[in-house]
Amino acid sequence: MKIGFVVSFFDFRNDVRRVMAEVAKQHEVIIFGRPENRNEILRHLPEGLEFRVINERKNSFWNNVWMKLFVLFKRIPKSRHNFFLMELFKASHATDPAVRKKNYKIIQWVRRLPKFISYDTYLKGLNYQKGTDLSEIDQFVCFTAIADDFLLARLLHEKYPVKVYVYSWDHACKHICFSERAHYICWNERIKEDIVHLQHVPPAHVKVVGASQFAYIHEYQQRQAQLPRTYPFRYIYFGCAIGIDDLVKEEVSVAISVAQVLAKTRPELTLVVRPYPVQGNWEVYQALRNLPNVIMDDGFRTVDLSVKDGHILEKFEKIAHAEAFFHLGTTMGLEACFTDTPSFILDYGYKNKDGLSLYSFIHQYQNDRHLIDLAPQNAVRSERHLTEILKELNNPTYRLLNKQVQAQYQIKSFQQFSEDLLAP
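Residues numbered from 1 in each chain as written. Predicted model: local features only at pLDDT ≥ 70, side-chain atom pairs only at ≥ 80, totals over all residues. Heavy atoms only, no water.

Caption draft 1: Examining the pairing of strand E12 (residues 343–346) more closely. With burial as the criterion, each face of E12 is covered, one bearing Ser343 and Ile345 and the other bearing Phe344 and Leu346. Taken together, the 3 bridges between strand E11 (residues 325–327) and E12 define a ladder with parallel strand orientation. Residue pairing for E12: His327 is matched across the bridge by Ile345. Note: E12 against strand E13 (residues 379–380), 2 bridges, orientation parallel. Bridge pairing in E13 places Ile345 opposite Ala379. (Buried < 20%, exposed > 50% of the residue type's maximum accessible area, 1.4 Å probe, protein only. Helix = DSSP H or I, 4+ residues; strand = E, 2+ residues; numbered from the N terminus. Pairing = 2+ DSSP bridges.)

Here it is, written out as structure tokens:
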């Protein structure tokens, strides 16, 4: 078969490239991407795969009006908090202050206006060019967030077989790119419930297959006995999670707080801090580098957002040998649960709870539902609470979360995941 993969964030998603390379062993694989992403896709394109440029966007008076109407009146997921947090995050990235101010103003209007245009209605109203070469493709697999609405509108209208892989555990609660006409693949049953409940997708259109990025956990489990230990000393591992410039300083302040409490309570332990890979400026972590009991785990950065497979396996080795893993809301906090290391989310250090705040980041829908609600004892509420936890890290109650998470997910190899992804 010829399989068409419609991709976004191709440089950052190592697991997606691995899945495509695995599929290519049995099928012919065509990669579809937007013109502005051409260079990054070609730089990381697995050998033997074909790349085709998406050419569906049509600049017309109707499309311009329709897109603006959709921005203002689009139906959003029931998890409003997460949706607007994502919108604020995107708006904050505008470098021009005037543009950023305009973006914030639009968000204020969106909060007030009625929500009656569904994503399906929006797609049906778009006029596309039919400029993309779709010849001989037997099955399309898109990844959230959808790379190109115009292409998806064409695929659904012309009744191509389309699957959409919900790439992350937080996509159902923060994106709007869910069509009742497509079929969805997701991580586990609880995330299927999220897609159905938050996005109005029929249950029959959602299938549980697993998580592509967890295939690295499978590889780690197969090879952990051969992997050398990176740090010969005892340590706590802190995974940075924030790529929002306005909030990184607050995350660093919490990390400094952890280091200071650790120095007083467990001086024999070092704090190893892993910077957030997508954070463009690692100079923001300089205050942490200056602390005597902190080591920065920053040797994995490359020329772009890609991370070598060896560094990904090394990440799991570092988590597995840590006394505990701490974070403010990251998939690593979930991944840590597949080791014997207790995983804690830090729920303090914020000054307000509104808008683009540290509190809002910590209490995203997926963190509350899939971590905090499962194990409230692993949510650190204050420095005093942190002190108590550090004194009794071996308490079995802190590893109950690990058992609950492990029971909810299937860990598969890249080969098995790829086969299941394409299965009827």
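Caption draft 2: Representation of the environment of Ile41 within the structure. On the secondary structure map, Ile41 appears in helix H2 (residues 38–44). It is 8.7 Å that separates the C-alpha atoms of Ile41 and Ile31, two residues lying 10 residues apart in sequence. With near-sequence residues (within four places) excluded, Ile41 lies in contact with Val7, Phe10, Ile31, Gly33 and Phe51. (Contact = heavy atoms within 4.5 Å.)

Caption draft 3: How the structure looks around the pairing of strand E5 (residues 162–165). The side-chain alternation of E5 yields two buried faces, one formed by Val162 and Val164 and the other by Lys163 and Tyr165. Sheet topology note: the strand E4 (residues 139–143)/E5 ladder contains 4 bridges and is parallel. The residue bridging Val141 from the neighbouring strand is Lys163, located in E5. Assessed by its sense of winding, the connection that carries the chain from E4 through helix H7 (residues 149–157) to E5 is right-handed. In this sheet, strand E6 (residues 183–186) lies alongside E5 in parallel orientation, the contact comprising 3 bridges. If you follow Lys163 over to E6, its bridge partner there is His183. (Right-handed = clockwise from strand over helix to strand, strands pointing away.)

Caption draft 4: Fine view of helix H17 (residues 383–391). For H17, the full list of buried residues reads His385, Leu386, Ile389 and Leu390. The arc that holds every buried residue of H17, seen down its axis, measures 135°, which confines them to one face. Every exposed residue of H17 that faces more than 90 degrees away from the buried side is listed here: Arg384 and Lys391. (Arc of directions from axis to C-beta.)

Caption draft 5: The packing of aromatic side chains, seen in detail. Scanning all chains against the criterion turns up 29 aromatic pairs. Here the aromatic rings of Phe70 and Tyr119 are separated by 6.4 Å at their centres, their planes lie at 45°, and the arrangement is tilted. With Phe70 in helix H3 (residues 61–73) and Tyr119 in helix H6 (residues 119–125), this residue pair connects regions lying 49 residues apart in the sequence. Just as Phe70 is buried, Tyr119 falls in that class too. Centre to centre, the rings of Phe233 and Tyr235 are 6.0 Å apart; their planes meet at 75°, and the pair counts as edge-to-face. According to the relative accessible area criterion, Phe233 is partly exposed, its value standing at 26%. Members of the aromatic cluster, each reached through a chain of ring pairs, are Phe5, Phe143, Tyr165, Tyr167 and Phe417. In this arrangement the basic side chain of Arg13 is found over the ring face of Tyr167, its NZ or CZ atom lying 3.9 Å from the centre. The ring of Phe316 carries the charged tip of Lys315 above its face, separated from the ring centre by 4.8 Å. (Phe/Tyr/Trp six-rings, centres within 6.5 Å; stacked < 30°, edge-to-face > 60°. Lys NZ or Arg CZ within 6 Å of the ring centre and 35° of its normal.)

Caption draft 6: Here's a closer look at the environment of Lys403. Within the secondary structure layout, Lys403 lies in helix H18 (residues 400–408). Owing to a relative accessible area of 60%, Lys403 belongs among the exposed residues under this scheme.

Caption draft 7: Region of interest: the sheet that holds strand E10 (residues 294–296). Taken in spatial order, the 6 strands of this open sheet run E10-E9-E8-E11-E12-E13, and their pairing is parallel. The two strands at the open ends of the sheet, each matched to only one other strand, are E10 and E13.

Caption draft 8: Representation of the state of the cysteines. The final tally for this structure, using the stated rule, is 0 disulfides. Distance from the sulfur of Cys173, which forms no disulfide, to the nearest cysteine sulfur (Cys177) is 12 Å. With a relative accessible area of 1%, Cys173 lands in the buried category. Its sulfur unpaired, Cys186 is 13 Å from the next cysteine sulfur, which belongs to Cys173. (Disulfide = S-S within 2.5 Å.)

Caption draft 9: Expanded view of unusual backbone geometry. Omega for the bond connecting Thr144 with Ala145 falls within 30 degrees of zero, at -5°, which places this linkage in the cis form. A positive phi is found at Lys130, a non-glycine position, where the angle reads about 60°. For Lys130, the location among the structural elements is in the loop between H6 and E4. A relative accessible area of 55% places Lys130 in the exposed class. The backbone phi angle of Glu136 is positive, close to 65°, even though this residue is not glycine. Its place among the elements puts Glu136 in the loop between H6 and E4. Relative accessible area serves as the criterion here: at 58%, Glu136 is assigned to the exposed category.

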